[in-house]
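The residues making up each chain are set out below.
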Amino acid sequence: MYAHWVLTALLVWPLVAAAVIWIAPERAAKHLALAASLVEFALSLPLWWIFVPAAGMQLVQTFAWIPGWGISYKVGVDGISLFLVLLTTFLVPLSVLGSYSYITKRERSFYALLLVLTTGMIGVFVALDLFFFYVMWEVMLIPMYFIIGVWGGENRLYAAIKFFIYTMLGSLLMLVAILGLYFAVGARTGTYSFDYTHVLGNLGDLGPAAWWFFGAFFLAFAIKVPMFPFHTWLPDAHVEAPTAGSVILAGILLKMGTYGFLRFALPFFPTVALHPTVTTAIVTLSLIGIIYGGLVAMVQPDFKKLIAYSSVAHLGFVMLGIWALTLQSVQGALLVMINHGISTGALFFLVGMLYERRHSRLVAAFGGIAKVVPLLAATLTVVSLSAIGLPGTNGFVGEFLVLLGVFQTHPVAATIATGGVIVAAMYLLGALQRVIYNPLDKHENESLLDLTPRELAVLIPLLAGIVWIGVYPKPILERMEPAARQFIQSVQPGAA
Amino acid sequence: MTRTAMSLVWLVPLLPLLGFVLNGTLALVRPTAKTAVSVIGVGAVVAAFGVAVAVVRALAVGHAAEPVVFTYWSWMPVGSLQVNAALQVDPLSAVMLLVVTGVGSLIHLFSVGYMREDDGYARYFAYLNLFVFFMLTLVLGASFPVMFVGWEGVGLCSYLLIGFWFTEQINADAGKKAFIVNRVGDFGFLVAMFLIFQHAGSLNFTDVFAKARSLFPLGSAAVTAITLFLFLGCTGKSAQIPLYTWLPDAMQGPTPVSALIHAATMVTAGVYLVARCNLLFALAPVSSAVVAGVGALTALFAATIALKQWDIKRVLAYSTISQLGYMFLGVGTGGGATVAGIFHLATHAFFKALLFLGSGSVIYAIHHAYHATHSHEDAQDMRNMGGLKAHLPWTWVLMWIATLAIAGVPPLSGFFSKDEILSAAFARGGVERIWYLFWGMGLAAASLTAFYMTRLMLYTFHGPNRTGERERPLLREAPWVMTGPLVALGVLSAVGGVLNLPALLGGSSRLERWLAPVTEAGAALLPAHAVASGTEWTLIGIAVAVALAGIAGALRMLRPADLLPAQRAPAETGFARVLWKKWYGDEIYDALIVRPIMWLSREVLWKIVDVRLVDGAGVNGAAAVSRALGWVGSRLQTGELGFYVVLFVAGVLFVLHVAVR
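Description of the structure in this document.

The rules behind these values
Residues numbered from 1 in each chain as written. Chains lettered and ligands numbered in written order. Predicted model: local features only at pLDDT ≥ 70, side-chain atom pairs only at ≥ 80, totals over all residues. Heavy atoms only, no water. Helix = DSSP H or I, 4+ residues; strand = E, 2+ residues; numbered from the N terminus. Rg over C-alpha atoms; globule rule 2.2 N^0.38 Å. Buried < 20%, exposed > 50% of the residue type's maximum accessible area, 1.4 Å probe, protein only. Contact = heavy atoms within 4.5 Å. Areas by Shrake-Rupley, 256 points an atom, 1.4 Å probe, with all protein chains shown as cover. Lys, Arg positive; Asp, Glu negative; His and termini not counted. Charge placed at Lys NZ, Arg CZ, Asp CG, Glu CD. Salt bridge = Lys/Arg side-chain N within 4 Å of Asp/Glu carboxyl O. Core = buried A, V, L, I, M, F, W, Y, C linked by side-chain atoms within 4.5 Å. Buried area = accessible area lost by both parts, 1.4 Å probe. Polar contact = N/O pair within 3.5 Å; in protein donor to acceptor, adjacent residues only side chain to side chain. Pairing = 2+ DSSP bridges. Phe/Tyr/Trp six-rings, centres within 6.5 Å; stacked < 30°, edge-to-face > 60°. Axes fitted to C-alpha atoms, helices over the stretch in contact; angles between N-to-C directions. Left-handed = near helix turned anticlockwise from the far one by under 90°. Nonpolar A, V, L, I, M, F, W, Y, C, P; charged D, E, K, R; others polar. Expected span 1.5 Å × (residues − 1).

1. Topic: the overall build of chain A
Along its length, chain A carries 20 helices and two strands. Against the globule reference of 23 Å for 496 residues, chain A gives a C-alpha radius of gyration of 22 Å, in line with a compact fold. For chain A, the C-alpha atoms occupy an extent of roughly 75 × 55 × 40 Å along the three principal directions. In chain A, which comprises 496 residues, the proportion classed as buried is 67%. A fraction of 80% describes how many contacts in chain A between residues 6 or more apart in sequence connect residues 24 or more apart. For chain A, the accessible surface area stands at approximately 14900 Å², while carbon and sulfur atoms represent 71% of it. For chain A, the centre of its 24 positive side-chain charges and the centre of its 21 negative side-chain charges are spaced 2 Å apart.

Quick look at the structure:
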């Protein structure tokens, strides 16, 4: 019963909750949202145990939706999507709790949208029907647009529209490609269906058209990742988004790009993806992302922008790991996706907490605050260290596996990427120093309040994740391994 | 039975980790509970020392030929990569274990006195305990990645403790610099690990070393690359050329930290790494020569800078860099000299910790005097010292012992270890000429060492006192909790040579025999090189003569009585200024690396590439183009059917062309 319905329940429950919140009293909105998101998390948690790593795609549920056009509602998880679903249900309650004092206007709409967004995100990760996937992709786009555009900072409208146009551009191209695949496979087999397995199994040789399809998917996903040079929507979106928006954006939405590559772009078009020119281009862009993203992050005066650029660098590791197609690099990439959600999520929470205290995101507005807010400073230190991949934290395991794996197939690229660990230390320790160390020379900072119990409740689960994955990642790695193997097999038969 | 005692080895790092957790909690919730902090902080390390002694005794009794590996859990199992959380007990880790927990205990004890009045007392001990945990992980780790956990962990603690008094920007800057420069080294360590995995399919020490000889032909490119990348890591952690610049700045941390982390233990991690991988280095003669050459050059280079520093801790910092250079000369020479390098690591831990703690006593005394008179003079500038032997007699005597030890005067510990390194380098010169050069550089550095250490002692303890009229009566010896550890280190500095007394001098080379299981495989690969005992005596004679010449030269040339207090001292000129400015190393790095990177990132990458090109021309340009296309599109809507047909056909042709091609 649970196994059969769980994914559907995870998709429906947030919508139900959103509807209730929409009509509930304003005061109750956040509490209801917290309760609903915790229920969602509790619903998802048993997945961890009932998931059978070796069983591939599982917990599949299918309903015919528009049979005439071969559209169905089909969901399932494997070792790749499982963790993204869990990461989503894990981060959403924290985001709600983290928004308690940040969001002060139109609370009902905010929390309702956040829950609709949850459905969209989970839908993207579990969809096994291309049309349904596309719908979910769009579903998550709209709430995020409003979250940035309504509850964002001063320049929120510009950022929201930029975010919308960018993502829309990519998703429209993707829609064209999906339709193209639908017709191509339909013409070949006589069965017109958006079913993922059907399309994947009957693609055959698409000839030159594969290049166009791949290009469309590539653009849609590369914007989302974001890869250089499609990344400039991200700093604006992050800076303007409210804390919860930034956390979700970095923690989950960026992963949709890399997830798209793992689920669609590579398995569908392996010959294109592995074409030397394409590989070289992707590897080069990823390296640019790692080094360039880090260097540009280093000189940002705005702490949120700094973290945004650091995301470009982190996701560069993921892309590199995916394209290197070794078991270590792919599992490392999957782990970096999770780690980035935890660590960068925590960083955005902390910057949001600083912002709520000082109404500034500028690094220069702070200085020496470790004296005043030791707990916040200690937390910020631990989270920063995880983001720069200190051994013992989650960040190290992911980056180490990626780099070690990439080195086996692309030694030069891996060596350059390893240089990224130096850059990471430069930008984050630099910011850390200017925020919590140095003289306490601003009067406003002398009376800052340290973390409240509510804020601790937001941060402690993230800190626990940082240490757990850093010290004992095995339970995660072993659940991922078969899926990672299968991914490599599907792209490059004979490898792994 | 022995295995049971040895299986307690997990307690050794765990106790300081526990200390960190408890003291870290106290630092956040109850920072004033200083007694509890002291008991936990010192107790954890002393207890770890106790367990370490039991473990090493068990190892000595067991005579295990192979390292004893204890596996606790599977850390990173991915396909063929299997990294376990595992610790390894063998003769080499045993030596390090005793040095780290032994010297660590003494320095923790000293800190109780030195840091007593600091507001951050609990935080200090939390960091110090955490450091010991990571350092023990570093020396006990059974694989490269586990060692790397310790390797970067000690770097973290170094960062936290250098910037301990973080409200001064100079301290926070120094901490950050240490971390980043070390990360450059860590880059090398990481790449080396990737290469090792690529070739050996494993990162466990036992696996890699067991396969090494069959995997890597002598002098092959792979093993040369691996060892050179490893050594890049060493130059960061152990402050060798070209990554030495962070260590002098690290003196911004509390003085016991300088003693523990930046002299006795962490900075020797690179030496330990080369010794641990001595087999790999033996397979790569080029890398060995690089290690020995960089070591010799660093020994000489840093010694010249130490000649003209006025800050007592900076002298010791450059001295540390220089002495680490000797250790690399030792482990780079390989074979028996690997043992000599580790031997020097141990004796240096004794006498350099003593020198730093002694300087801590001095600074403590002067700082308190200045504090009492509200003076803002520099408590670390030797020009504000002088004549302290009357006020701090214990410190004076003990620091002289350490000075003679580091200068290489027999029969103190440093004489034996340094002489073994130099003799071995000379011996290898018999087969490879370049080692004669290394030997000569080491010898020159030895005389400079004797000179600058004598200078330090003269200016600090002898001649008239320059601290100030009002301060002079306030100068006194530190409490016993601080002087006690000095005495213990003084004894070790004096007699530490017995650890490895060579047969030539009636000893039995105990350390050499103890470490034989670690070094013999590598030693077997080296060309035979030994010198006759007559030559050996000559070499000893030369080394002693050089040391004495350095001391005598300093005594003759330097006039403490002519020195002026720092405030009134004239600026350095000429070559002395070049040395005082450290050969302008920091300025050169700043101009060539730091500022260009910052400029490139800010002015080019961000403001031009990102804002103007990608976002400006690209994105907003695309918006402009789409507006233009919209205009074109609107023009196209002419309403004439024929025009539409033309467009339609053109479009179909295009699609067909694409599809059919």
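2. Observations regarding the pattern of salt bridges
Under the definition given, this model contains 21 salt bridges over all chains. Between A:Glu455 and A:Arg357 there is a salt bridge, with the nearest N and O atoms lying 2.7 Å from each other. With A:Glu455 in helix H19 (residues 453–471) and A:Arg357 in helix H15 (residues 327–358), this residue pair connects regions lying 98 residues apart in the sequence. Between B:Asp590 and B:Arg595 there is a salt bridge; the shortest N-O distance is 3.2 Å. On the basis of relative accessibility, which here comes to 29%, the residue B:Asp590 falls in the partly exposed class. Put simply, B:Lys177, B:Asp249, B:Arg314, B:Lys582 and B:Asp586 are held in one network by salt bridges that share partners.

3. Notes on the nonpolar core
A general feature of soluble globular proteins is that nonpolar side chains tend to end up buried together. Of all hydrophobic cores here, the largest spans 418 residues; its most connected members are A:Phe217 and B:Phe144. It is helix H16 (residues 336–372) of chain B that provides the largest number of residues to this core, a total of 20 residues. Apart from residues lying up to four places away in sequence, B:Phe144 is in contact with B:Phe189, B:Met193, B:Ile196, B:Leu203, B:Phe205, B:Val208, B:Phe209, B:Leu230, B:Leu273 and B:Cys277. If you look at the next biggest cluster of nonpolar residues, it comprises 19 residues, including B:Ala340, B:Phe426, B:Ala445 and B:Leu539.

4. What to know about the interface of chain B and chain A
Taken together, the contacts link 50 residues of chain B with 62 residues of chain A. Each partner contributes to the roughly 5200 Å² buried at the junction of chain B and chain A, and carbon and sulfur atoms together form 73% of this total. Area buried by chain B at its contact with chain A is led by B:Phe166, B:Arg183 and B:Phe194, which between them contribute 14% of it. Scanning the region where chain B abuts chain A turns up zero salt bridges. Remark: the boundary between chain B and chain A carries 12 residue pairs in polar contact (both at pLDDT 80 or more).

5. So, the environment of B:Trp537
Residues and elements named next belong to chain B. Inspection of the secondary structure puts Trp537 in helix H22 (residues 533–557). Accessibility expressed as a relative area gives 46% for Trp537, which makes it partly exposed. Sequence-wise, Trp537 and Ser423 are 114 residues apart; in three dimensions their C-alpha atoms are separated by 9.8 Å. Other than its neighbours up to four places away in sequence, Trp537 contacts Leu504 and Leu505.

6. With respect to the pairing of strand S2 (residues 71–77) of chain A
All names here are of chain A. Along S2, seven of the seven residues are buried, which leaves the element largely enclosed by surrounding structure. Along S2, one buried face is formed by Ile71, Tyr73, Val75 and Val77 and the opposite face, lined by Ser72, Lys74 and Gly76, is buried too. Taken together, the six bridges between strand S1 (residues 58–66) and S2 define a ladder with antiparallel strand orientation. Looking across to S2, one finds that Thr62 is bridged to Lys74. Taking the residues that link successive antiparallel strands as the turn, the S1-S2 hairpin has four residues, and the phi of Gly70 there is positive, at about 70°.

7. Brief notes about the packing of aromatic side chains
Residue and element names in this part refer to chain A. Following the criterion strictly, the structure yields 72 aromatic pairs over all chains and no others. Between Phe214 and Phe269 the ring centres are 6.3 Å apart and the planes differ by 85°, which places this aromatic pair in the edge-to-face class. Pair noted here: Phe214 is in helix H9 (residues 209–224) and Phe269 is in the loop between helix H11 (243–268) and helix H12 (270–273), with a separation of 55 residues, a long-range link. Residue Phe214 is classed as buried on the basis of its relative accessible area, which comes to 5%.

8. Observations regarding the packing of helix H19 (residues 434–461) of chain B against H22(B)
All names here are of chain B. Interhelical geometry of H19 versus H22 gives an angle of 35° and a closest axis separation of 8 Å. Note on packing geometry: the crossing formed by H19 with H22 is right-handed. On the side of H19, the interface is formed by Trp439, Leu443, Ala446, Ser447, Ala450, Phe451, Thr454, Arg455 and Leu458, while H22 contributes Leu539, Ile542, Ala543, Val546, Ala547, Gly550, Ile551, Gly553, Ala554, Leu555 and Met557. Each residue belonging to the contact of H19 with H22 can be placed in one class, and the counts come to 15 nonpolar, four polar and one charged.

9. Considerations on helix H15 (residues 312–333) of chain B
Residue and element names in this part refer to chain B. Here H15 contains 22 residues, and its C-alpha end-to-end distance of 32 Å stays within 8% of the 32 Å for a straight helix at 1.5 Å per residue. Burial analysis of H15 places 22 of its 22 residues in the buried class, the great majority of the element. With a side-chain oxygen positioned 2.8 Å from the backbone nitrogen of Lys313, the residue opening H15 is Asp311. With its phi angle positive at about 80°, Gly334 sits one or two positions after the end of H15.

Read these as layout, nothing more, since geometry by itself doesn't imply function.
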